[in-house]
Structure formats: C-alpha cells, structure tokens
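Below, each chain spelled out in residue letters.
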Amino acid sequence: MADPTNAPTLLQAREDLKNKKYSALELTESCLRRMDAVEDRVQAYLHISREQAIEQAKAADERIARGDDAPLLGVPLAIKDNICTQGLPSTCASKILGQFKSPYNATSVDRALKAGAVILGKTNLDEFAMGSTTENSGIHPTRNPWDLERVPGGSSGGSAAAVAAKECVAALGSDTGGSIRQPASFCGVTGLKPTYGRVSRFGLVAFASSLDQIGPMTQTVDDAAVLMNVIGGKDPLDSTSADVPMPDFTQALNRNVKGMKVGIPREYFTEGIDPEVETAVQNAIKTLQSLGMETVEVSLPHTKYAVATYYILACAEASANLSRYDGVKYGHRTEHAGNLMEMYENSREEGFGEEVKRRIILGTFVLSSGYYDAYYLKGQKARTLIKRDFEEAFKQCDVLAGPNCPLPAFKLNEKLDDPMQMYLADIYTISMNLAGIPAMSVPCGQTQGKLPVGLQLMAPHFQEETLFTVGKQFQLATDFHKQFPTL
Ligand code: GLN
C-alpha cells in the first residue's frame, strides 16, 4: 500500500500501479487521507472532488486490469482553479465567479483525463492569477508547507503547496509572469513554464492572453516530462497553440550535458538579491560546471524595464479580458441595482478583489486615448527589446541559469499592503513570458531557515528538451528535490 504520508512521484506511481503494488483507488484514497491530515493547515485546495476522484480511480483500475498503459493512468492530479474542469467549480478564486461550473474541460485537462489521470480537486490561486503569494485569493490564503507562517508563492501557490505537502502526485499550474516557477521555487518543487504556444490555452481563464501558459508542477523533472508529453501540442481549439513537432520529452532526460554552454545573466545577480538565494544559485551553477557544462557571462540589458513593461501589458490585456464579468454571464450578480449600469457596476464592485480592481484601472488607463502611445505602445516596443536580449544571449549559450525570485518565501502579510514591492520581486520571471521562451525551476538549496530556493533554467523557443536535459542531470547530481517538509 502507498504510504499515505508519502505520495510517490509520478514515475514511481506508474511503476507501482503496473506492478500491482497498490491500486489507483488505494493511491487516490491515500492522497485524500493526506488532505484530511494537513489541509486545515495548508489550505492548498479550493474544492476537493472526493466522489468524482474515487469514480475516476475505479475506472483507471479497470483500464489497468485490461492491460491499458496510458501515461497518467491512475495518477492523482491537482488542477489550478483557473483551468476549466467540467462538473467541478472553476472559480479563479474570485467571488465574481461564485461557484461557476464550466460546461467543458480545458484541453490540458481533457488530455490528462484521456491519459488516465484522476482529478483530486482544484487548487487555490491569487484571484485570476494576479499576484505572487496566493494572498490575493478571494477565498482564503494558502500556507507554505515548509513554514506555515509564510506564503507558498503565487499565483499557482495552491498547486505548489499541494505537491510539496504530498497532497497529490503532481499538479497543473499557469504562468503569466512567473506563477509556476516562483511558487515552485518557494515550495521546493519542480515547475515548467512551456514556450508560449506549446500548451493549449483553451479552457485556461484568460488573464493576459499573450503571456499565459499552462505547465506542470511536479516532484521531479522526470515527472514534468511525462506530464508535458500529455498536455503539449497543437490544439485546433486554440489558434495560438503552435503547430510544431512534439518530441517525446522523456527522451531528452538522459542526454549528456558535457560541453553545453550555460549563460549567466549579469543583471540577475545585482542589488536586491538575498545573499542566501544568491549562494544557493551560485552553488547550483558550480554543480552544472562539475557536470561538464561551460559557463559564460551574458547580458540581458533591458532587464531593468521588465517590471514596468510587464505590468503595463499584462494589465492592459487583463482589463480587456475581465470586461466579460458583467453580472450577466457568470457567477455573482448584485442585489443592489436600480438600472442596468448600476447592475454592471455593483456586480463588479462586489465581485472583484482589490488587486484585480487595481489592475483593471491601470490597464484601462494605459489603453485610453491620449495615453496609449505613451504606455501601451511603448510597452510593446520594450517587449521586443527584451525578446531580442534573449536572442542575443542564446547566440553565446544553449541555456541560461539564474534565480527565480530575489527572495525566499515571504511572511504572510509581509508585502500585501505594498503592491510595488510585490511587483518588483517578479523581476527574474516576467521577461520569459514577454519573450515567450520556456523556463523551468528546480529546487537547488535551502536557506538557514529551511526555506527552499529554486534555480531557474531558460532556453530558446520550443527548446524545452534542453531544460529537461539540464534539469534532470542537475537532479541526478543533487537531492534537493527529494526533500519534503514535515507537517
Ligand atoms: N506575479 C505576477 C503577477 O502578479 C505573475 C502572475 C502570473 O504569472 N499569473 O502578475
């Protein structure tokens, strides 16, 4: 029987299920028991789909008995609550969506289910994925399993905490400006933001459509490769999904890194970085060198404009995307309205949280006539310069390495009333979304206070394989990914 306090890795689970060490039902029940034991403290989930998970697990056991060998068969997954799941609430942790239930599955969810996954529930996030701590959730905050007084990061903090607390085998998150990598780093798990267009966005509730991507959050790089094989690839339902060949990512795991060049962006080790984070990342770079990789210093000179550029463009897109929440189509409608305008206004006033309102206002402002050229258009130009920085850097190396976040996990409430401080801490993760390139966070150390630190690896467009190769070889040489908090 699976040890209920020790959800196996995805690879281990598949092997054990094949060898009939335990059934999918037993594995699912062990995850549910783990939730019973720790959820009151961690609060990673917004909805737990107990009955449905048990039904799916039983169906998986029947498929296993028939000799089916689908890649996720019987694997219990957690899904971020901005990814649509039929029959379960999909609320984006926003009051405005109420208990909205999507009539269809997101393509990534559909593909995971067809591959045999069991869905345990929907995980918490900053409302509409806007934030870096999960404190902006309109429902409740999630806590970091390594230190319950700290945040798990965000916005996919629920998925990261659920993986770290072993309340699932693996999870899906979304990343618009770091929301997979930063919480993965804060919680000591592996997270991949794929190339823009690699994974279908169909059924991912839009925050900033030109930046959003769904990706895996797992215990290991191996597990992320298996999950990517399932969720990646062209989807006719998302015209921005790319029609490029989908390699078998697991094939990239055991390639040699000897002689590969790793670029170290000078701008990612300047003032503001916590010394313990810097040390952990520098040690990780030494590990890469010991594996035979060559390091070169590179420059990403427009890094200083990344925060401003991202917050102008992401808010502009959000203000347009969020105009659909009008009190008519979904979820919450005010009871205090004398006419149609008041109905719209009061529904939005009551339904959206502070941070979402701040961004709608900012986004509407930068798109308004008279300010469009000064902000939005300039932001688009800066985005091109940031993208070119990466193109130049990748002329000198195969992969880039650096931190995900200048700081380890913050204390709850530490940055909540200073949005500017919160935005500035996104400095190392937002440029990859602006450029559209893939990036991965792997655990690479701990602070003296036992808070995990992540190493960020970045590759050119559609070169996820490079990330899988380097990430896997790093995990073979280290055991940070094997460490889990005691709860
Ligand atoms: N922290 C960033 C923001 O608040 C990124 C969020 C995300 O990637 N969804 O916008």
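Whatever comes next refers back to the structure up there.
Quick caveat: nothing in here was measured; it's all calculated off a predicted structure. (Residues numbered from 1 in each chain as written. Predicted model: local features only at pLDDT ≥ 70, side-chain atom pairs only at ≥ 80, totals over all residues. Heavy atoms only, no water.)

**Observations regarding the overall build of the chain**
When you go through the chain residue by residue, the secondary structure sums to 15 helices and eleven strands. On C-alpha atoms alone, the chain measures out to a radius of gyration of 21 Å, which is about the 23 Å that the 2.2 N^0.38 rule sets for 487 residues. Taking the principal axes of the C-alpha coordinates as reference, the chain spans close to 65 × 55 × 45 Å. Looking at the chain as a whole, 61% of its 487 residues qualify as buried. If you sum the accessible surface of the chain, you get close to 18,000 Å²; carbon and sulfur atoms cover 51% of it. Of the side chains in the chain, 49 bear a positive and 58 a negative charge, and the two mean positions are spaced by 3 Å. (Helix = DSSP H or I, 4+ residues; strand = E, 2+ residues; numbered from the N terminus. Rg over C-alpha atoms; globule rule 2.2 N^0.38 Å. Buried < 20%, exposed > 50% of the residue type's maximum accessible area, 1.4 Å probe, protein only. Areas by Shrake-Rupley, 256 points an atom, 1.4 Å probe, with all protein chains shown as cover. Lys, Arg positive; Asp, Glu negative; His and termini not counted. Charge placed at Lys NZ, Arg CZ, Asp CG, Glu CD.)

**Here's the deal with empty space enclosed by the protein**
Scanning the model with the defined rule gives three cavities of 30 Å³ or more in all. The computed volume of the largest cavity comes to approximately 90 Å³. Lining the largest cavity are 16 residues; nearest its centre among them are Gly131, Gly177, Ser179, Tyr310 and Asp426. Tallied by class, residues from the lining of the largest cavity come to five nonpolar, nine polar and two charged. (1 Å grid on protein atoms, 1.4 Å probe; cavity = no way out; pocket = protein on both sides within 12 Å on 5 of 7 lines; lining within 4 Å. Points joined across faces, edges and corners; volume = space filled by probe spheres on them. Nonpolar A, V, L, I, M, F, W, Y, C, P; charged D, E, K, R; others polar.)

**Focus on the environment of Ala44**
Within the secondary structure, Ala44 is located in the loop between helix H2 (24–42) and strand S1 (45–48). Since its relative accessible area comes to 0%, Ala44 is described here as buried. C-alpha separation for the pair Ala44 and His140, spaced 96 residues apart in sequence, amounts to 9.5 Å. Those residues in contact with Ala44 that sit more than four places away from it in its chain are Glu39, Thr123, Asn124, Thr142, Gly158, Ala161, Ala162 and Glu167. (Contact = heavy atoms within 4.5 Å.)

**So, the site of the ligand**
In the region of the ligand, 15 residues are neighbours, and Ser132, Gly177, Ser179, Tyr310 and Arg359 sit closest. Between the ligand and Ser179, the relevant distance is 2.6 Å, taken from an oxygen atom to a side-chain nitrogen or oxygen of the residue. One nitrogen or oxygen atom from the side chain of Arg359 is found 2.7 Å from an oxygen atom belonging to the ligand. Bound to the protein, the ligand loses 99% of the 290 Å² it would expose on its own. One can see that the ligand is located within the largest cavity. Its residues placed into classes, the shell around the ligand shows five nonpolar, seven polar and three charged. (Near = heavy atom within 4 Å. Polar contact = N/O pair within 3.5 Å; in protein donor to acceptor, adjacent residues only side chain to side chain. Sits in = over half its atoms within 2 Å of the grid points.)

**Points about the pattern of salt bridges**
Pairing is possible between side chains of opposite charge, provided their charged atoms come close. One pass over the structure, following the stated rule, counts 19 salt bridges. Two residues, Asp16 and Lys21, come together in a salt bridge whose shortest N-O distance is 4.0 Å. Residue Asp16 is classed as buried on the basis of its relative accessible area of 5%. Residue classification places Lys21 among the exposed positions, given a relative accessible area of 54%. With a closest N to O distance of 3.0 Å, Asp222 and Lys472 form a salt bridge. (Salt bridge = Lys/Arg side-chain N within 4 Å of Asp/Glu carboxyl O.)

**A few points about the packing of aromatic side chains**
Taken as a whole, this structure holds 16 aromatic pairs when the rule is applied. Measuring from centroid to centroid gives 4.4 Å for Phe365 and Tyr371, while their planes differ by 35°, and the two rings are tilted. Look at Tyr371 and you get partly exposed, because its relative accessible area is 39%. Ring centres of Tyr372 and Tyr376 lie 5.2 Å apart, and the angle between their planes is 40°; this geometry places the pair in the tilted category. Given the relative accessible area of 33%, Tyr372 is considered partly exposed. By the ring-pair criterion, three or more aromatic residues cluster together here, those being Phe100, Phe128, Tyr325, Tyr330 and Phe352. (Phe/Tyr/Trp six-rings, centres within 6.5 Å; stacked < 30°, edge-to-face > 60°.)

**Focus: the nonpolar core**
One broad trend across soluble globular proteins is that nonpolar side chains are buried collectively. Counting 143 residues, the largest nonpolar core has Leu72, Phe128, Leu288, Phe390, Leu455, Leu457 and Phe468 as its most contacted members. If you tally residues by element for this core, the top one is helix H9 (residues 306–321), at ten residues. With sequence-adjacent residues up to four places away left out, Leu288 is seen in contact with Val262, Met293, Ala401, Leu455, Leu457, Val470 and Phe474. Core analysis: the next-biggest nonpolar cluster, separate from the first, contains eight residues, Val151, Phe186, Ala409 and Ala425 among them. (Core = buried A, V, L, I, M, F, W, Y, C linked by side-chain atoms within 4.5 Å.)

**Digging into the state of the cysteines**
Taken as a whole and assessed by the stated rule, the structure comprises zero disulfides. Summary of cysteine pairing: Cys187 is not part of a disulfide, and the nearest cysteine sulfur, belonging to Cys168, is at 11 Å. Cysteine Cys315 shares no disulfide, and the gap to the nearest cysteine sulfur, in Cys92, comes to 16 Å. (Disulfide = S-S within 2.5 Å.)

**A word on a nonpolar patch on the surface**
A surface patch of nonpolar side chains, about 270 Å² in accessible area, is lined by Phe365, Tyr371 and Tyr375. When you line up the elements, Phe365 lands in helix H11 (residues 354–367). Residue Phe365 is classed as partly exposed on the basis of its relative accessible area of 36%. (Patch = residues over 30% accessible without salt bridge, like charges linked within 9 Å, V, L, I, M, F, W, Y side chains within 5 Å.)

**A look at unusual backbone geometry**
Residue Ser155 is bonded to the preceding Gly154 through a cis peptide linkage, with omega at 10°. Structurally, Ser155 can be placed in the loop between strand S3 (118–123) and helix H5 (157–164). Despite not being glycine, Phe128 shows a phi value in the positive range, around 55°. Inspection of the secondary structure puts Phe128 in the loop between S3 and H5. Among the residues examined, Phe128 registers a relative accessible area of 3% and is labelled buried. The backbone of Phe462 shows a phi angle near 60°, a positive value even though the residue is not glycine. Residue placement: Phe462 occurs in the loop between strand S11 (452–458) and helix H15 (464–477).

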